[in-house]
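Tertiary structure, described
Spelled out, the chains give:
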Amino acid sequence: MLSDKMVDALNEQIGMEGYSSFSYLSMAGWFDNRSLKGCAAFMYRQSGEEHGHMMKIFHYLLEMNANAISPAIQKPESEFKDVKSIFEESLAQEQRVTKSINDLVELAIKESDHATYAFLQWYVIEQREEENLIRTILDKINLIGEGSQSLYFIDKELEAINKAQVAAEQRGTK
Ligand code: OFO
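Keep in mind that what you see is a predicted model, and the values were worked out from it rather than measured. Chains are numbered independently. Their residues run from 1 in the order of the written sequence. At least 70 in pLDDT is required for a residue's local features to be given in this predicted model, at least 80 for side-chain atom pairs to be given and counted, and no such filter applies to totals for whole chains, interfaces and linings, which use all residues. Just so you know, side-chain values use all the structure's heavy atoms and leave hydrogens and water out.

**Looking at the overall build of the protein**
Note the threshold: Numbering of helices and strands runs from the N terminus; a helix is a DSSP stretch of H or I covering at least four residues, while a strand is a stretch of E covering at least two. Atoms counted for the radius of gyration: C-alpha only. Globule rule: 2.2 Å times the number of residues to the power 0.38. Partly exposed residues are those whose accessible area sits between 20% and 50% of the maximum for their type, while under 20% is buried and over 50% is exposed, using a 1.4 Å probe and protein chains only. Note on definitions: a residue-residue contact is assigned when non-hydrogen atoms from the two residues lie within 4.5 Å. A 1.4 Å probe and the Shrake-Rupley method give the accessible areas. Residues count as covered only by the protein chains that appear here.
In terms of regular secondary structure, the protein is built from five helices and zero strands. Helices and strands appear in the protein in the N-to-C order α-α-α-α-α. Taken against the 2.2 N^0.38 rule, which gives 16 Å for 174 residues, the C-alpha radius of gyration of the protein at 17 Å falls within 12% of a compact globule. Along the first, second and third principal axes, the C-alpha set of the protein runs to 55 × 30 × 25 Å. Looking at the protein residue by residue over its 174 residues, the buried ones come to 45%. Counting only contacts in the protein whose residues sit at least 6 apart along the sequence, the fraction spanning at least 24 positions is 78%. Counting every atom, the protein has about 9,400 Å² of accessible surface; 54% of that belongs to carbon and sulfur.

**Some thoughts on the UniProt feature "binding site: Fe cation" (unreviewed entry) in the protein**
Inclusion rule: UniProt positions are given in the numbering used here, feature names are shortened, and annotations may be inferred rather than shown by experiment.
Here the UniProt feature "binding site: Fe cation" (unreviewed entry) sits at Glu17, Glu50, His53, Glu94 and Gln127. Spanning 111 residues, the named residues form one tight spatial group whose C-alpha atoms are at most 12.6 Å apart. The exposure class of Glu50 is buried, given its relative accessible area of 0%. Discounting residues that sit within four places of it in the chain, Glu50 has contacts with Glu17, Ser20, Ser21, Tyr24, Glu94 and Glu130. As for its placement among the helices and strands, Glu94 is situated in helix α3 (residues 83–110). The exposure class of Glu94 is buried, given its relative accessible area of 1%. Aside from chain neighbours lying at most four places away, what touches Glu94 is Tyr24, Glu50, Gln127, Glu130 and Glu131.

**Quick word on helix α1 (residues 4–33)**
Just so we agree on the cut-off: Here a helix's expected span is defined as the number of its residues, less one, multiplied by 1.5 Å.
Taking 1.5 Å of rise per residue, the 30 residues of α1 would be expected to cover 44 Å, and the 44 Å separating its terminal C-alpha atoms lies within 8% of that figure. Just downstream of α1 lies Ser35, where phi reads positive at about 60°.

**Describing the packing of helix α2 (residues 37–63) against helix α4 (residues 114–144)**
Heads up, the rule is: Lines fitted to C-alpha atoms define the axes, with helix axes restricted to the stretch in contact, and inter-axis angles between N-to-C directions lie between 0 and 180 degrees. Angular relationships are summarised with four words: roughly parallel below 35 degrees, roughly antiparallel beyond 145, roughly perpendicular across 65 to 115, and oblique for the angles in between. Ten residues, namely Ala, Val, Leu, Ile, Met, Phe, Trp, Tyr, Cys and Pro, are considered nonpolar, four, namely Asp, Glu, Lys and Arg, are considered charged, and the remaining ones, Gly among them, are considered polar.
At their nearest, the axes of α2 and α4 sit 12 Å apart, and the two run at 170° to each other. For the element pair α2 / α4, the angle class is roughly antiparallel. Packed against α2, whose contacting residues are Phe42, Gln46, Glu49, Glu50, His53, Lys56, Ile57 and Tyr60, the element α4 presents Ala115, Thr116, Phe119, Trp122, Tyr123, Glu126, Glu130, Leu133, Ile134 and Ile137 at the interface. A breakdown of the residues in the contact of α2 with α4 according to their chemical character gives ten nonpolar, three polar and five charged.

In C-alpha coordinates, the structure reads:
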(Lines give C-alpha, C1' and ligand atoms only; values in the text may rest on other atoms or scores of the structure.)
Protein backbone atom coordinates (compact mmCIF):
# COMPACT_ATOMS: atom_id res chain seq x y z
CA MET A 1 0.00 0.00 0.00
CA LEU A 2 1.27 3.47 -0.88
CA SER A 3 1.57 6.17 1.78
CA ASP A 4 -0.55 9.30 1.36
CA LYS A 5 2.66 11.25 0.88
CA MET A 6 3.74 8.95 -1.97
CA VAL A 7 0.29 9.14 -3.62
CA ASP A 8 0.44 12.95 -3.51
CA ALA A 9 4.00 13.01 -4.84
CA LEU A 10 3.14 10.64 -7.72
CA ASN A 11 0.08 12.71 -8.58
CA GLU A 12 2.31 15.80 -8.68
CA GLN A 13 4.61 13.94 -11.04
CA ILE A 14 1.61 13.23 -13.29
CA GLY A 15 1.16 17.01 -13.52
CA MET A 16 4.82 17.53 -14.30
CA GLU A 17 4.82 14.97 -17.12
CA GLY A 18 1.59 16.52 -18.44
CA TYR A 19 3.21 19.94 -18.43
CA SER A 20 6.20 18.52 -20.35
CA SER A 21 3.80 17.06 -22.92
CA PHE A 22 1.96 20.37 -23.45
CA SER A 23 5.17 22.37 -23.40
CA TYR A 24 6.66 20.18 -26.17
CA LEU A 25 3.42 20.48 -28.10
CA SER A 26 3.73 24.26 -27.92
CA MET A 27 7.32 24.05 -29.17
CA ALA A 28 6.21 21.71 -31.99
CA GLY A 29 3.63 24.30 -33.06
CA TRP A 30 6.26 27.06 -33.13
CA PHE A 31 8.49 24.92 -35.38
CA ASP A 32 5.60 23.82 -37.59
CA ASN A 33 4.58 27.47 -38.17
CA ARG A 34 8.05 28.16 -39.49
CA SER A 35 8.15 25.07 -41.73
CA LEU A 36 10.85 23.49 -39.60
CA LYS A 37 9.24 20.10 -40.13
CA GLY A 38 12.09 17.97 -38.74
CA CYS A 39 12.14 19.94 -35.48
CA ALA A 40 8.34 19.88 -35.34
CA ALA A 41 8.21 16.09 -35.83
CA PHE A 42 10.79 15.65 -33.07
CA MET A 43 8.74 17.76 -30.63
CA TYR A 44 5.37 16.19 -31.57
CA ARG A 45 6.90 12.79 -30.79
CA GLN A 46 8.43 14.06 -27.54
CA SER A 47 5.05 15.46 -26.56
CA GLY A 48 3.43 12.07 -27.17
CA GLU A 49 6.17 10.36 -25.16
CA GLU A 50 5.59 12.65 -22.20
CA HIS A 51 1.89 11.90 -22.36
CA GLY A 52 2.86 8.24 -22.15
CA HIS A 53 5.03 8.93 -19.08
CA MET A 54 2.08 10.65 -17.45
CA MET A 55 -0.25 7.73 -18.19
CA LYS A 56 2.25 5.19 -16.87
CA ILE A 57 2.12 6.84 -13.43
CA PHE A 58 -1.65 7.24 -13.67
CA HIS A 59 -2.05 3.48 -14.23
CA TYR A 60 0.53 2.63 -11.56
CA LEU A 61 -1.47 4.52 -8.95
CA LEU A 62 -4.65 2.72 -9.97
CA GLU A 63 -2.87 -0.63 -9.92
CA MET A 64 -1.77 0.17 -6.37
CA ASN A 65 -5.38 0.90 -5.42
CA ALA A 66 -4.76 4.64 -5.02
CA ASN A 67 -6.40 7.71 -6.52
CA ALA A 68 -4.95 8.88 -9.83
CA ILE A 69 -5.80 12.52 -10.42
CA SER A 70 -6.09 14.13 -13.82
CA PRO A 71 -3.91 17.24 -13.43
CA ALA A 72 -4.55 20.94 -14.04
CA ILE A 73 -1.87 21.99 -16.49
CA GLN A 74 -0.36 25.47 -16.50
CA LYS A 75 -0.31 27.08 -19.95
CA PRO A 76 3.17 26.66 -21.42
CA GLU A 77 5.18 29.35 -23.20
CA SER A 78 4.24 29.74 -26.86
CA GLU A 79 6.63 32.51 -27.94
CA PHE A 80 10.28 31.62 -28.32
CA LYS A 81 13.37 33.57 -29.32
CA ASP A 82 14.94 31.00 -31.62
CA VAL A 83 15.60 27.31 -32.20
CA LYS A 84 18.49 27.08 -29.75
CA SER A 85 16.53 28.68 -26.92
CA ILE A 86 13.78 26.08 -27.41
CA PHE A 87 16.20 23.20 -26.93
CA GLU A 88 17.78 25.01 -23.97
CA GLU A 89 14.34 25.27 -22.39
CA SER A 90 13.70 21.62 -23.18
CA LEU A 91 16.93 20.63 -21.40
CA ALA A 92 15.99 22.78 -18.40
CA GLN A 93 12.57 21.09 -18.27
CA GLU A 94 14.16 17.62 -18.41
CA GLN A 95 16.55 18.61 -15.62
CA ARG A 96 13.60 19.71 -13.48
CA VAL A 97 11.89 16.37 -14.17
CA THR A 98 15.09 14.46 -13.29
CA LYS A 99 15.29 16.27 -9.95
CA SER A 100 11.67 15.46 -9.26
CA ILE A 101 12.17 11.77 -10.14
CA ASN A 102 15.23 11.65 -7.89
CA ASP A 103 13.16 13.14 -5.04
CA LEU A 104 10.54 10.43 -5.61
CA VAL A 105 13.21 7.73 -5.50
CA GLU A 106 14.52 9.21 -2.23
CA LEU A 107 11.02 9.12 -0.78
CA ALA A 108 10.56 5.49 -1.88
CA ILE A 109 13.84 4.56 -0.16
CA LYS A 110 12.88 6.45 3.00
CA GLU A 111 9.54 4.66 3.15
CA SER A 112 10.96 1.24 2.18
CA ASP A 113 8.45 1.30 -0.67
CA HIS A 114 10.09 -1.33 -2.87
CA ALA A 115 7.30 -1.47 -5.45
CA THR A 116 7.52 2.25 -6.17
CA TYR A 117 11.30 2.16 -6.06
CA ALA A 118 11.29 -0.56 -8.75
CA PHE A 119 8.64 1.29 -10.79
CA LEU A 120 10.70 4.50 -10.75
CA GLN A 121 13.86 2.89 -12.11
CA TRP A 122 12.38 3.09 -15.63
CA TYR A 123 12.10 6.88 -15.19
CA VAL A 124 15.65 7.18 -13.87
CA ILE A 125 16.98 5.58 -17.07
CA GLU A 126 14.58 7.53 -19.28
CA GLN A 127 15.73 10.85 -17.79
CA ARG A 128 19.39 10.00 -18.31
CA GLU A 129 18.66 9.20 -21.97
CA GLU A 130 16.49 12.27 -22.52
CA GLU A 131 18.98 14.70 -21.05
CA ASN A 132 21.75 13.15 -23.12
CA LEU A 133 19.64 13.39 -26.29
CA ILE A 134 18.83 17.08 -25.82
CA ARG A 135 22.46 17.87 -24.94
CA THR A 136 23.55 16.15 -28.17
CA ILE A 137 21.09 18.27 -30.14
CA LEU A 138 22.43 21.46 -28.53
CA ASP A 139 25.98 20.38 -29.38
CA LYS A 140 24.93 19.91 -33.00
CA ILE A 141 23.23 23.31 -33.10
CA ASN A 142 26.42 24.86 -31.74
CA LEU A 143 28.48 23.06 -34.37
CA ILE A 144 26.23 24.01 -37.27
CA GLY A 145 25.71 27.59 -36.10
CA GLU A 146 22.46 29.51 -36.05
CA GLY A 147 22.33 31.78 -39.10
CA SER A 148 19.27 31.54 -41.37
CA GLN A 149 21.21 29.25 -43.75
CA SER A 150 21.98 26.93 -40.85
CA LEU A 151 18.32 26.39 -39.99
CA TYR A 152 17.89 24.12 -42.99
CA PHE A 153 20.72 21.87 -41.78
CA ILE A 154 19.56 21.92 -38.16
CA ASP A 155 16.12 20.85 -39.35
CA LYS A 156 17.59 18.01 -41.43
CA GLU A 157 19.62 16.88 -38.42
CA LEU A 158 16.51 16.85 -36.24
CA GLU A 159 14.63 14.91 -38.88
CA ALA A 160 17.35 12.24 -38.81
CA ILE A 161 17.46 12.16 -34.99
CA ASN A 162 13.70 11.83 -34.86
CA LYS A 163 13.70 8.96 -37.35
CA ALA A 164 16.35 7.18 -35.28
CA GLN A 165 14.20 7.63 -32.17
CA VAL A 166 11.13 6.22 -33.95
CA ALA A 167 13.16 3.24 -35.20
CA ALA A 168 14.48 2.60 -31.66
CA GLU A 169 10.93 2.73 -30.31
CA GLN A 170 9.80 0.22 -32.94
CA ARG A 171 12.69 -2.10 -32.07
CA GLY A 172 11.74 -1.76 -28.42
CA THR A 173 15.14 -0.36 -27.48
CA LYS A 174 13.69 2.97 -26.44
FE1 OFO B 1 8.95 12.40 -18.84
O2 OFO B 1 10.13 13.72 -18.70
FE3 OFO B 1 11.63 13.36 -19.70
O4 OFO B 1 11.39 12.05 -20.76
